[in-house]
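Single-letter residue listing:
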Amino acid sequence: MKLIIVFLVLNFSVYSQSNEELMKKLESLQQRIDHLEGKKKKKGLKTTDFGGKSTSNPTMQNSSGKAPAATPEQMKQIMDALKKGDKYIKDRDKLLKELDEEGL
Amino acid sequence: MKKVYSLLFFVFLFSSLNAQELSTIYKEGNGHIYKMTSPHFTENQVSIYNAKVEKNKLWIEIYIENTTGFIKLGMWQQFEFEKGKGALSLNAGYIKTKEMDVSEKLPKSHLAGSRSLKMTQFLVGSEEDIKKYYKGTEEVTVPAGTVDAKRYQVKGDGQTIDFWLAVDSKPLTMVKLVSQGKKKVHAYTMELVTLATNIGAVIDPKKAKPLSESMRKMLEETPLN
């Protein structure tokens, strides 16, 4: 009789333990499904409707809606000026570095 | 900005051509807007969209403007493609800056780049044509969102380009492109910022003038051939 009771108690505890584990596993699987579904829902690409307008940034234009007059030649001059500006910055940095190294 | 000129000749035109008419694949005003970054030049926004669509002809317009830097510059280019027996053929090209009243027609010698992989190598054609470059499918996150995309890799002339096409997109949507190479102009990344609809075309090919001497000089400074 004692043996039967021990067996039943053991059996019940094993059952409840496995049941508990199953519930935990089920819960973790449910969480995984929710996570994957959430991830799936987030997938996709944004679309913007331009309503027939250009994609050009309007802040680049003046109030008349027309770009300021500058010929391609003037654009080239601007680019050259920028190049010179770059050179000036590089030379300045070089000089500052040299001064720094000399401890001045 | 000048360094970017040759990059403009990458027309991101993917299609499932086969026997289909272009007007069944492409919709006027639809396109893609990308953010282009490079360690060697300012950040740019590149818009690529269908300016006009006919049964067997397609006009693709590209607009590029720098989003960083002291001086803002913007430039449009438009290319006319025609469907032949196989891939699309490039018939004509036009250029316009914000400062120009009307666009100018590009000579044929300026329609293809040599400092970069030629677009006919992989950018104009069907998914079938680029199958051999397929490397795998990956989840890609760009400013426009997250999608599953097929990665392709092409190499040539010292340049390696990896690009990702969204799975099941029609027409095919390029979500990301990473270019690397020996030359500075080869180092850049493009990421999709948004898909776009109803974009108004700026260049009217019918009103285009022949290429001016000043524009020719500017283009020659960045040899495209």
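Residues numbered from 1 in each chain as written. Chains lettered and ligands numbered in written order. Predicted model: local features only at pLDDT ≥ 70, side-chain atom pairs only at ≥ 80, totals over all residues. Heavy atoms only, no water.

S.K.: How would you explain the pattern of salt bridges if you had to name every residue and give the values?
M.R.: Residues and elements named next belong to chain B. Counting across every chain of the model gives seven salt bridges over all chains. Here Lys57 makes a salt bridge to Glu80, at a shortest N to O gap of 3.3 Å. Of this pair, Lys57 sits in strand E4 (residues 57-66) while Glu80 sits in strand E5 (residues 74-83), placing them 23 residues apart in sequence. The exposure class assigned to Lys57 is partly exposed, which follows from its relative accessible area of 24%. Across the pair Asp162 and Arg151 runs a salt bridge whose closest N-O atoms are separated by 2.6 Å. In this pair, Asp162 sits in strand E11 (residues 159-166) while Arg151 sits in strand E10 (residues 145-156), placing the two residues 11 residues apart along the sequence. Asp162 sits in the buried class, given a relative accessible area of 7%. (Salt bridge = Lys/Arg side-chain N within 4 Å of Asp/Glu carboxyl O. Helix = DSSP H or I, 4+ residues; strand = E, 2+ residues; numbered from the N terminus. Buried < 20%, exposed > 50% of the residue type's maximum accessible area, 1.4 Å probe, protein only.)

S.K.: How would you explain the pairing of strand E9 (residues 134-142) of chain B if you had to name every residue and give the values?
M.R.: The sheet contact formed by E9(B) and E10(B) spans eight bridges and is antiparallel. Its bridge partner being in E10(B), Tyr134(B) is matched across the sheet by Tyr152(B). (Pairing = 2+ DSSP bridges.)

S.K.: I'd like to hear about the interface of chain B and chain A, residue by residue, with values.
M.R.: Often, the extent of an interface is quoted as the loss of accessible area upon association of its parts. Listed as interface residues are 42 residues of chain B and, on the opposing side, 30 residues of chain A. A per-residue breakdown of the area chain B buries against chain A is headed by Lys98(B), Glu99(B) and Leu195(B), which together make up 18% of the total. In this structure, Lys43(A) and Glu139(B) form a salt bridge, with 3.2 Å as the shortest nitrogen-oxygen distance. The interface formed by chain B and chain A includes 15 residue pairs in polar contact (both at pLDDT 80 or more). Taken together, the elements giving at least two residues each to the side of chain B that touches chain A come down to helix H1 (2-5), strand E3 (44-53), E4, E5, E9, E10, strand E13 (188-197) and helix H4 (213-220) of chain B. (Contact = heavy atoms within 4.5 Å. Buried area = accessible area lost by both parts, 1.4 Å probe. Polar contact = N/O pair within 3.5 Å; in protein donor to acceptor, adjacent residues only side chain to side chain.)

S.K.: Can you break down a negative patch on the surface residue by residue, with the values?
M.R.: A cluster of like negative charges, contributed by Glu98(A), Asp100(A), Glu101(A) and Glu102(A), occupies part of the molecular surface. Looking at the secondary structure, you find Glu102(A) in the segment after helix H2 (72-101). (Patch = residues over 30% accessible without salt bridge, like charges linked within 9 Å, V, L, I, M, F, W, Y side chains within 5 Å. Areas by Shrake-Rupley, 256 points an atom, 1.4 Å probe, with all protein chains shown as cover. Lys, Arg positive; Asp, Glu negative; His and termini not counted. Charge placed at Lys NZ, Arg CZ, Asp CG, Glu CD.)

S.K.: Before we move on, can you summarise the packing of aromatic side chains with the specific residues and values?
M.R.: The way to describe two aromatic rings as a pair is by their centre distance and the angle between their planes. Residues and elements named next belong to chain B. Taken as a whole and assessed by the stated rule, the structure comprises three aromatic pairs over all chains. Among the aromatic residues, those joined into a ring-pair cluster are Tyr134, Tyr152 and Phe163. Residue placement shows Lys52 over the ring face of Trp59; its charged tip is 4.7 Å from the ring centre. The positively charged end of Lys176 is found above the aromatic ring belonging to Trp164, 5.1 Å away from the centroid. (Phe/Tyr/Trp six-rings, centres within 6.5 Å; stacked < 30°, edge-to-face > 60°. Lys NZ or Arg CZ within 6 Å of the ring centre and 35° of its normal.)

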